[in-house]
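Architecture at a glance
Okay, here's what each chain looks like letter by letter:
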Amino acid sequence: MRPRKKDFVRAISRSFSIQGSWNDRTMTGPGMAHALAPLLARIHEEDPAAFRRAVQRHSRAFNAHPYLAPVAIGALARLEFDGEDPDTLLRFRSALRAPLGALGDGIAWAGWRPFCGSAAAIGFVLGLDPLFAAAAFLLLYNAGHLALRVWGLRCGWRSGRSVASALKRAPLRRIERVLVPANQVLIGVLAALLVGQLPGTGHTVWWGGGAVIAALMGYFIPRHISAVAMASLLAACAVWLL
Amino acid sequence: MTGVELSAADWALACLLGAAVGLDGVSWPQAMWSRPIVAGTLGGLLFGAPAAGCLVGVWLEIVLSRHPPFGGARHPETGPAAFMAGAAYAAAGDGAPIGIVAAVAVGWAIGWTGAHSVTLLRRVTPSLVSRPEGFRGGAAALARRHRLAIALDALRAGLLVAALFVPSVLFVRLLSTQPSGAAGAAWWPVVAGLGLAGAAGVAARGLGARGRHWPALAAGCVLGTLLVQVFA
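Criteria and cut-off values
- Positions within a chain are numbered from 1, following the residues in the order the chain's sequence is written.
- For naming, the first written chain is A and the first written ligand is 1, with later ones following in the order written.
- Where totals are concerned, whole chains, interfaces and linings use all residues; where local detail is concerned, this predicted model gives features only for residues with pLDDT of at least 70, and gives and counts side-chain atom pairs only at 80 or more.
- With hydrogens and water excluded, all non-hydrogen atoms of the structure serve as input to the side-chain values.
- Secondary structure elements are defined from DSSP: runs of H or I of at least 4 residues count as helices, runs of E of at least 2 residues count as strands, and each element is numbered from the N terminus.
- When a residue's accessible area, from a 1.4 Å probe over protein chains only, is under 20% of the maximum for its type it is buried; when over 50% it is exposed; and in between it is partly exposed.
- When checking whether two residues touch, look at their non-hydrogen atoms; a contact exists if any pair is within 4.5 Å.
- Accessible surface is estimated by sampling points in the Shrake-Rupley manner with a 1.4 Å probe; for residues, cover comes only from the protein chains shown.
- Accessible area that two parts lose when put together, evaluated with a 1.4 Å probe and summed over both, is termed the buried area.
- Whenever Lys or Arg places a side-chain nitrogen within 4 Å of a carboxyl oxygen from Asp or Glu, that contact is recorded as a salt bridge.
- Polar contacts, as used here, are pairs of N or O atoms within 3.5 Å; protein pairs need one atom able to donate a hydrogen and one able to accept it. Residues neighboring in sequence count only if both atoms are side-chain atoms.
- Amino acids outside the nonpolar list (Ala, Val, Leu, Ile, Met, Phe, Trp, Tyr, Cys, Pro) and the charged list (Asp, Glu, Lys, Arg) are all regarded as polar, and Gly is one of them.
- Note on scores: pLDDT gives the predictor's confidence for each residue, bounded by 0 and 100.
- The length a helix should cover is 1.5 Å for every residue beyond the first.
- Only buried residues count toward a nonpolar core, which is a set of Ala, Val, Leu, Ile, Met, Phe, Trp, Tyr and Cys residues joined through side-chain atoms within 4.5 Å.
- What counts as a ring pair is set by centres within 6.5 Å for rings of Phe, Tyr and Trp (its six-membered ring), and what kind of pair is set by the plane angle: stacked under 30 degrees, edge-to-face over 60, tilted for all other angles.
- Two thresholds decide whether a charge sits over a ring: the Lys NZ or Arg CZ must be within 6 Å of the ring centre and within 35 degrees of the ring normal.

1. Here we look at the overall build of chain B
Of the regular secondary structure elements, chain B holds eight helices and zero strands. Walking chain B from its N terminus toward its C terminus, one meets helices and strands in the order α-α-α-α-α-α-α-α. Its C-alpha atoms give chain B principal-axis dimensions of about 65 × 50 × 30 Å. Residues classed as buried in chain B amount to 60% of the 232 residues present. In chain B, 77% of the contacts between residues at least 6 apart in sequence involve partners at least 24 apart. About 8700 Å² of surface is accessible on chain B, with carbon and sulfur atoms providing 69% of the total.

In structure tokens, the structure reads:
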């Protein structure tokens, strides 16, 4: 049977916990099967054995960005509904993993999240009430987050097998290309504002210049050195205390 | 002795809130109340000083952004870390630069401790739900075990806060109450400022790894410096 609207609502609400049972062996596989279950239950309503097999099939190893997992949920439900054979389903499932991971990392973790976080932080540093800044971050961020999940489920269900070309047509990469450099500017502004606010430093231009140089040094030094620097700071705290 | 009052009720509330922010990071619902700016504010609110907590949260936004969770890479657990650091600074920081540095260092250390605790938990989770050939117990059993795994994650975060909340407050308190004339005290704002700016550079590179965006970062720093002059 064709899934009803309430099945899609249940699937998307369960997708919020898709990483709830994340593990090194099957990653988000069990969470994926849990989120798909309401749709699978409707599709295989007349055949409980087929439903059980489908749940087992979809609890195998899987991984994708959590916000774009609804794309896979929709597309896999569509293929189940269309009666594709299990081998095709498993191959399709494997093929979805890498693109959904890379796309989600770019748009959500490198793009939208730092953008909203930096904007709210700058607002706070410039005088916004802290509770208002935190609430504004949550509202702005989750507006995009929810929209992405709902769009993903619809896109997956409507596109089915051709979900890859639907993703290619979607403006996600273009949005990422705008957000990533914007985030660099925002992080720079935020760092300079915080440094300028430190008591005892004065608001001198040379101090701001020092911050620019330090930020660029941070940009270019190898990653492991920055970890050593942080550990050194902790050690300095401890030594000074003693 | 430390001048900080912390009742058992405060501690219990901190554990509950810590569990909630820890749960949000990965398990449910990833609405990002585990981000430092929110969790830090929440920690500050616990001691009636949300602005102090938010300030530490903003610092941690920069410091902990160095490790984005790209491709499932291991990253510091920001929620309980910022919550405890924000609370510690609000309770004991006294607005001193050394207090911010201490709170950020506490947040960084707890972030990685949290990451290790997540790794440990994930050694337990496979026995609940993971089979290479797929879970055979049916949808209802899978749902029960999935919820159990989420509950275990909340318990883990709660225990993390239970164990580290008081030591965090004490650490920040001890550093913040050093006399201002103590050796090296005048250098803390410089160390903190340059360290933060460096951390911002590292975070910016981590988030824009696909391209070379350093001119945008430099432009942002210059713009921020100008804003400081305007708002000073």
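2. Focus on the overall build of chain A
In terms of helices and strands, chain A carries 10 helices and zero strands. Shown N-terminal to C-terminal, the secondary structure of chain A runs as helices and strands in the order α-α-α-α-α-α-α-α-α-α. Per-residue burial over chain A gives 57% buried out of 242 residues.

3. Considerations on the side chain of Ser27 of chain B
Here Ser27 of chain B is to be found in the loop between helix 1 (8-26) and helix 2 (36-46). Accessibility expressed as a relative area gives 3% for Ser27 of chain B, which makes it buried. With residues near it in sequence (within four places) discarded, Ser27 of chain B still touches Phe16, Ser17, Gln19 and Gly20 of chain A together with Ile150 and Asp153 of chain B.

4. Overview of the environment of Ala203 of chain B
Residue position: Ala203 of chain B is located in helix 7 (residues 188-207). In this structure, the C-alpha to C-alpha distance between Ala203 of chain B and Arg66 of chain B, residues 137 residues apart in sequence, is 4.1 Å.

5. Overview of the interface of chain B and chain A
In this assembly, 97 residues from chain B lie in contact with 93 residues from chain A. Between chain B and chain A, roughly 8400 Å² of surface is buried when both sides are summed, and carbon and sulfur atoms account for 72% of that area. A per-residue breakdown of the area chain B buries against chain A is headed by Gln30, His146 and Arg205 of chain B, which together make up 8% of the total. Counting across the interface, chain B meets chain A through zero salt bridges. The tally of links from chain B across to chain A stands at 11 residue pairs in polar contact (both at pLDDT 80 or more). For the side of chain B that touches chain A, the secondary-structure elements that each account for two or more residues are helix 2, helix 3 (50-64), helix 5 (97-129), helix 6 (139-176), helix 7 and helix 8 (214-231) of chain B. Ranked by residue count, the leading element in the side of chain B that touches chain A is helix 7 of chain B, at 17 residues. Tallied by class, the residues present in the side of chain B that touches chain A amount to 64 nonpolar, 24 polar and nine charged.

6. With respect to unusual backbone geometry
With an omega dihedral of -10 degrees, the bond running from Trp28 of chain B to Pro29 of chain B counts as a cis peptide bond. In this fold, Pro29 of chain B is placed in the loop between helix 1 and helix 2. Look at Met27 of chain A: it is not a glycine, yet its phi comes out positive at around 50 degrees. Relative to the helices and strands, Met27 of chain A resides in the loop between helix 1 (5-15) and helix 2 (29-43). What makes Met27 of chain A buried here is its relative accessible area of 16%. One non-glycine residue, Met32 of chain B, lies in positive phi territory at about 70 degrees. Relative to the helices and strands, Met32 of chain B resides in the loop between helix 1 and helix 2.

7. With respect to the environment of Phe135 of chain B
In this fold, Phe135 of chain B is placed in the loop between helix 5 and helix 6. Note on Phe135 of chain B: relative accessible area 5%, which makes it buried. Through-space distance from the C-alpha of Phe135 of chain B to that of Ser65 of chain B is 36 Å; in sequence the pair is 70 residues apart. Setting aside residues no more than four positions away along its own chain, Phe135 of chain B makes contact with Gln56 and Ser59 of chain A together with Leu128, Val129, Ala141, Leu142 and Arg145 of chain B.

8. Concerning the pattern of salt bridges
Two side chains bearing opposite charge may form a pair once their charged atoms approach each other closely. Residues and elements named next belong to chain A. Under the counting rule described, the total for this entry stands at nine salt bridges over all chains. A salt bridge links Asp7 to Arg42; the shortest N-O distance between them is 2.8 Å. With Asp7 in helix 1 and Arg42 in helix 2, this pair connects stretches of sequence that are 35 residues apart. Exposure class is identical for Asp7 and Arg42. Each is buried. Across the pair Arg57 and Glu80 runs a salt bridge whose closest N-O atoms are separated by 2.9 Å. Taken together, the positions of Arg57 in helix 3 (residues 48-58) and Glu80 in helix 4 (residues 69-81) put the pair 23 residues apart, joining distant regions of the chain.

9. Focus on the confidence of the model for chain B
Residue and element names in this part refer to chain B. Scored by pLDDT, chain B comes out at a mean of 88, with 92% of its residues at no less than 70. No element of chain B has a lower mean pLDDT than helix 7, at 84, and none a higher one than helix 2, at 96. As a predicted assembly, this complex carries a pTM of 0.93 together with an ipTM value of 0.93.

10. Observations concerning the side chain of Arg173 of chain B
When you line up the elements, Arg173 of chain B lands in helix 6. A distance of 3.5 Å separates a polar atom in the side chain of Arg173 of chain B from the backbone oxygen of Ala92 of chain B.

11. Here we look at helix 8 of chain B
Here helix 8 of chain B is 18 residues long and its end C-alpha atoms lie 25 Å apart, about the 26 Å a rise of 1.5 Å per residue gives. All buried positions along helix 8 of chain B are accounted for by Ala216, Leu217, Ala218, Gly220, Cys221, Gly224, Thr225 and Val228 of chain B.

12. Some details on the nonpolar core
Counting 132 residues, the largest nonpolar core has Ile73 and Leu194 of chain A together with Val58, Trp59, Phe83 and Phe165 of chain B as the members making the most contacts within it. Beyond its immediate sequence surroundings of up to four residues, Val58 of chain B is in contact with Ala121, Phe124, Val125, Leu190 and Leu194 of chain A together with Ile37 of chain B.

13. A few points about the packing of aromatic side chains
Under the counting rule described, the total for this entry stands at 11 aromatic pairs over all chains. Plain terms: the ring middles of Phe47 of chain B and Phe165 of chain B are 6.2 Å apart, the flat faces sit at 10 degrees to each other, and that makes the pair stacked. Residue Phe47 of chain B is found in the loop between helix 2 and helix 3, and its partner Phe165 of chain B is found in helix 6; the two are separated by 118 residues along the sequence. In this structure Phe165 of chain B comes out as buried when scored by relative accessible area, which is 0%. Through pairs of rings, three or more aromatic residues link up here, namely Tyr67, Trp109, Phe137 and Tyr141 of chain A. Here Arg78 of chain A stacks its cationic end above the ring of Trp157 of chain A, 4.9 Å away from the centre of that ring.

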